[in-house]
Amino acid sequence: MSSFLASASILQILPALEQGGVERGTIEMAQAITQAGGKALVISAGGRMEPLLRHSGAEHITLPDCGSRNPLKIAKNSHFLSNIIRQHNVQLVHARSRAPAWVAKMACKRTQTPFVTTWHGVHANTFPGKRHYNAVLASGDRVIAISNHIAQRLAEEYHVGPDRLRTIPRGADTDLFSPQMVSGQRVHRLVEAWALPADAPVILMPGRLTAWKGQSLVLDALAQLLDLLPDINWHCVFAGGCSPEDKYAQELSTKAAQLGLTDRVRFAGHCDDMPAAMMLANMVVVPSLRPEPFGRVVVEAQAMCCPVIVAHHGAAVETVAHGQTGFSFTPENANELAQTIYDVLVAPPEILEAIGYAARQMVLSHYSTFAMQHATLAVYDELLDTTLAEHFAGIKNDPALFQEPTFAG
């Protein structure tokens, strides 16, 4: 290992470390940087996932207003970051959210440090000025899109050329999300915690309780399912939290009661054991009303060989082939969703097993966490003239994953 490789310092910046795909991706890359022989630093306001970050070998630097959109705080935070870059001899900064990206862009310009961005979210242009605010995520020396769906948007709306644009899908931890790794005891714990009847078919909808994720649409479909399958005691678990001040959870509970679904649904809150939840489930439903930028929960369910049902738009089109690696329905169509849930519940077990197996093989080939880590390190190598990706692949001893990142144009 070269002395430069050993001392390569890479800093990631994001608003906080509470929960979500951005946070998990940050921790996964911190782990990869450390394993490849570099030094991983992360700046955020902190949060519940901070111990996991430290366990990965990274150093966390707390910046309480890291996610602030206030222009004065952004300017102040950019000076703070500039000082950190100099003090820690940071060679590259990777920003994963808009406000921190503005902070990073200013600091990187001031210190002449390579700047990488990842476009994770929906980030619609819904009002004047929003496009300019979003554009910072398209301004990196390298811009990472987490799906072909996002890459196309970056190319068409923000004119990011193939010289800078790299498509690197998010991945599932295929060791963690593996049917062989989940014990019956873990599954039974969830059955008890969620007060589910023995042998009841389980429809699982993971995700934050927020309107665009489609929980209300699922309730509409479940009301129809009562008529379609009156003799099967299926239950639906909504596994996801919401902010304390959010009224949406109460609205969903009220709607479930009005539709006669109270005894059939569980609002379980945040689940700390999603592999076990997916092992328990007969299917995972991801009915997002807006196109998902990627939808990591989809590939995690596929890695668990669990049938998935997705709205047919966004990146879900890339990861789910209807009838082959999962099922899809027309977005916002409750009738079609109800019929698809019905079809899965009555399908022969051997058909679902074959689809589950094909889905896991697809994830292993294209959507593993390791592949994402390796491809992102290769992007760092482009800018730093290092061999982080090569060293990481050597440690993992998996030559099949040593490949160039996708060049999107």
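A. Structural view of the overall build of the chain. A count of helices and strands for the chain gives 17 helices and 14 strands. Scaling as 2.2 N^0.38, a compact globule of 409 residues should have a C-alpha radius of gyration of about 22 Å, and the chain matches this with 22 Å. Projected onto its principal axes, the C-alpha positions of the chain cover 65 × 45 × 40 Å. Taken across its 409 residues, the chain has 57% of its residues classed as buried. Considering only contacts within the chain whose residues lie at least 6 apart along the sequence, 70% involve residues at least 24 apart. Between the centroid of the 32 positive side chains of the chain and the centroid of its 37 negative side chains there is a distance of 10 Å.

B. Examining the nonpolar core more closely. L11, I13, I43, L81, L154, L204 and M278 are the most contacted members of the largest nonpolar core, which has 72 residues in total. Take this core: its biggest share by element is seven residues, from helix α5 (residues 98-111). Not counting chain neighbours up to four residues away, the residues in contact with L154 comprise W119, A138, V143, A145, H159, V160 and L165.

C. Main features of the packing of aromatic side chains. With the rule as written, the count across this model stands at four aromatic pairs. Measuring from ring centre to ring centre gives 5.2 Å for W119 and Y158, while their planes differ by 55°; the resulting arrangement is tilted. Here W119 is found in strand β5 (residues 115-119), whereas its partner Y158 is found in the loop between α7 (148-157) and β7 (165-167), with 39 residues between them in sequence. Accessibility assignment for this pair places W119 and Y158 in one class, buried.

D. Fine view of the pattern of salt bridges. Inspection of the entire model under this criterion finds ten salt bridges. One salt bridge connects R24 with E300, and the closest N-O pair in it is separated by 2.3 Å. Of this pair, R24 sits in helix α2 (residues 21-35) while E300 sits in helix α12 (residues 296-303), and the two are 276 residues apart along the sequence. With a relative accessible area of 28%, R24 lands in the partly exposed category. A residue is classified by how much of its surface remains accessible, and E300, at 3% relative accessible area, is buried. The shortest N-O distance in the salt bridge between K73 and D65 comes to 3.8 Å. Salt bridges linked by common partners bring R142, R166 and E382 together as one network.

E. How the structure looks around unusual backbone geometry. In this structure, A195 is a non-glycine residue whose phi angle is positive, near 50°. Mapped onto the secondary structure, A195 falls in the loop between α8 (184-193) and β8 (202-206). Its identity as a non-glycine residue notwithstanding, C305 has a phi of 65°, on the positive side. Exposure remark for C305: the relative accessible area of 29% places this residue in the partly exposed category.

What counts, and where the lines are drawn
Residues numbered from 1 in each chain as written. Predicted model: local features only at pLDDT ≥ 70, side-chain atom pairs only at ≥ 80, totals over all residues. Heavy atoms only, no water. Helix = DSSP H or I, 4+ residues; strand = E, 2+ residues; numbered from the N terminus. Rg over C-alpha atoms; globule rule 2.2 N^0.38 Å. Buried < 20%, exposed > 50% of the residue type's maximum accessible area, 1.4 Å probe, protein only. Contact = heavy atoms within 4.5 Å. Lys, Arg positive; Asp, Glu negative; His and termini not counted. Charge placed at Lys NZ, Arg CZ, Asp CG, Glu CD. Core = buried A, V, L, I, M, F, W, Y, C linked by side-chain atoms within 4.5 Å. Phe/Tyr/Trp six-rings, centres within 6.5 Å; stacked < 30°, edge-to-face > 60°. Salt bridge = Lys/Arg side-chain N within 4 Å of Asp/Glu carboxyl O.

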